[in-house]
Amino acid sequence: MSASRAAAARCATAGAACLLVLASGTTAGADDNGIADESAQDIAQASREAMAGVTSMRLVGKVTDTSGTTTLDLRFDEQGNCVGSVTPPGNAGTADIIKRGDDVWMKLDDALLKAQVPGPAADDAIALVNGRYLHGTTDSPMLREFAQVCDLDFFKKEFSSKPTSEQLVKGSRTTVDGRPAITVTSRREGRTGTYQVSTEDKPYLLQVQGTEESGERVTASFSAFDEPVKAVPPAPADSVDLSSLQ
């Protein structure tokens, strides 16, 4: 996946969340937070506030456009720790990512490494890397955009923003991975979205499905709120400094 495609995946996934100003029929249980009884606008506001306050979370998402589908499975926190994977369109390979502060370790399988290192130099790069992680910093041109998909602050800023001229409608109760939720649908400037907000504990956004005017589609689920992110760097023998590929 190119750096620009990584950035697009980051922005598109967050962009779908931006559709929500943020982002019934059964009797509330003992652990119900009462949000399902509120208006769509109040549900949106409560979810914005809950998501703006998370210290960590897991994002599992798909971004589909004319070039194909990018999939992400990431855990990140506000300390800059991140661990997970990104698969670019066409199933051309997968990148495993570990980030601690400004340090980034990324393991590309051979197919993806060939896509990142054009021409005959690709075989040399594969031999040099030999299945190890590439190690660099967030200033490294090759790693910078990949690392940006791990930016929790970016997503929190998008979650807490309040779009104007948006039409919200409250839907029915549902479940997301076994967690009870209330549905809110949104329409704004050619964008449509469906959101599930937790009706237990805090009103976190649990799932989003959105479509841009361009036809780009985003599906993402969120979980593991405020849980520790164990971003353990690989052993020195299992990584190679990115500068050695220059």
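Going along each chain's sequence as written, the residues are numbered from 1 onward. Restriction of local features to residues with pLDDT of at least 70 applies here, the model being predicted, together with a cutoff of 80 or more for giving and counting side-chain atom pairs; totals for whole chains, interfaces and linings are based on all residues. Water and hydrogen atoms play no part in the side-chain values, which are based on all heavy atoms of the structure.

### As for the environment of Val63
Just so we agree on the cut-off: Think of it this way: any DSSP run of H or I at least four residues long counts as a helix, any run of E at least two long counts as a strand, and we number them from the N terminus.
Note that Val63 resides in strand E1 (residues 56-65). Sequence spacing of Val63 and Ala220 is 157 residues, and the spatial spacing of their C-alpha atoms is 8.5 Å.

### Some points on the pairing of strand E11 (residues 217-223)
Stated formally: In this scheme, strands are said to pair when DSSP sees at least two bridges between them.
Alignment of E1 against E11, held across seven bridges, turns out to be antiparallel. Residue pairing for E11: Lys62 is matched across the bridge by Thr219. Linking two consecutive strands that pair antiparallel, namely strand E10 (residues 205-211) and E11, is a turn of five residues; a positive phi of about 100° is found at Gly215 within it.

### Details of the pairing of strand E9 (residues 191-198)
Here strand E8 (residues 179-188) pairs with E9 via eight bridges, running antiparallel. Along E9, the bridge assignment pairs Ser186 with Gly193. For E9 and E10, the ladder comprises six bridges, and the chain directions are antiparallel. Of the residues in E10, the one forming a bridge with Gln196 is Gln207. Adjacent in sequence and paired antiparallel, E9 and E10 are bridged by six residues, among which Asp201 carries a positive phi angle near 55°.

### With respect to the sheet that holds E10
Formally: Helix axes are fitted only over the stretch in contact, all axes being lines through C-alpha atoms; the angle between N-to-C directions runs from 0 to 180 degrees. In this analysis, two residues are considered to be in contact whenever any of their non-hydrogen atoms come within 4.5 Å of each other.
Strand order in this open sheet of twelve strands is E7-E8-E9-E10-E11-E1-E2-E3-E4-E5-E6-E12, and the pairing throughout is mixed. Edge positions in the sheet fall to strand E7 (167-176) and strand E12 (239-241), since each has one partner strand and no second. Each strand of the sheet is rotated relative to its neighbour by a mean of 20°, with strand direction disregarded. Together, strand E4 (95-100), strand E5 (103-108) and strand E6 (133-137) form the strand contacts of helix H5 (residues 141-148), whose direction differs from that of E5 by roughly 95°.

### Remarks on the state of the cysteines
To keep things clear, this is the line we draw: To count as a disulfide, a pair of cysteine sulfur atoms needs to be within 2.5 Å. Exposed residues in this analysis have more than 50% of their type's maximum accessible area, buried residues have under 20%, and partly exposed residues fall in between, with area computed by a 1.4 Å probe over protein chains only.
Applying the stated criterion to the full structure yields one disulfide. A sulfur-sulfur separation of 2.0 Å characterises the disulfide bridge that pairs Cys82 with Cys150. Here the disulfide of Cys82 and Cys150 is left-handed, its torsion about the S-S bond being about -55°. Taken together, the residues Cys82 in strand E3 (residues 82-87) and Cys150 in the loop between H5 and helix H6 (152-160) connect sequence positions 68 residues apart. Each member of the pair, Cys82 as well as Cys150, carries the same accessibility label: buried.

### Section: the packing of helix H2 (residues 40-52) against H6
Here is the rule: For classification, angles of less than 35 degrees are called roughly parallel, those exceeding 145 degrees roughly antiparallel, those between 65 and 115 degrees roughly perpendicular, and all remaining angles oblique. Crossing handedness follows the turn of the near helix against the far one: under a right angle anticlockwise gives a left-handed crossing, and clockwise gives a right-handed one.
Taken N-terminus to C-terminus, the directions of H2 and H6 make an angle of 165°; their axes are 8 Å apart at the nearest point. When the axes of H2 and H6 are compared, the pair comes out roughly antiparallel. The way H2 lies across H6 gives a crossing that is left-handed. Across from Arg48, Met51 and Ala52 in H2, the residues of H6 making contact are Lys156, Phe159 and Ser160.

### Examining the packing of aromatic side chains
Any two aromatic rings considered together are summarised by their centre-to-centre distance and by the angle between their planes. What counts is decided by this rule: Two rings from Phe, Tyr or Trp (for Trp, the six-membered ring) form a pair when their centres are within 6.5 Å of each other. A pair whose planes differ by under 30 degrees is stacked, one over 60 is edge-to-face, and the rest are tilted.
Under the definition given, this model contains three aromatic pairs. When the ring of Phe154 is compared with that of Phe155, the centres are 5.7 Å apart and the planes differ by 85°; the resulting orientation is edge-to-face. Judged by centre distance (4.0 Å) and plane angle (20°), the ring pair of Tyr204 and Phe225 falls under stacked. Taken together, the positions of Tyr204 in the loop between E9 and E10 and Phe225 in the loop between E11 and E12 put the pair 21 residues apart, joining distant regions of the chain. Each of the two residues, Tyr204 as well as Phe225, counts as buried.

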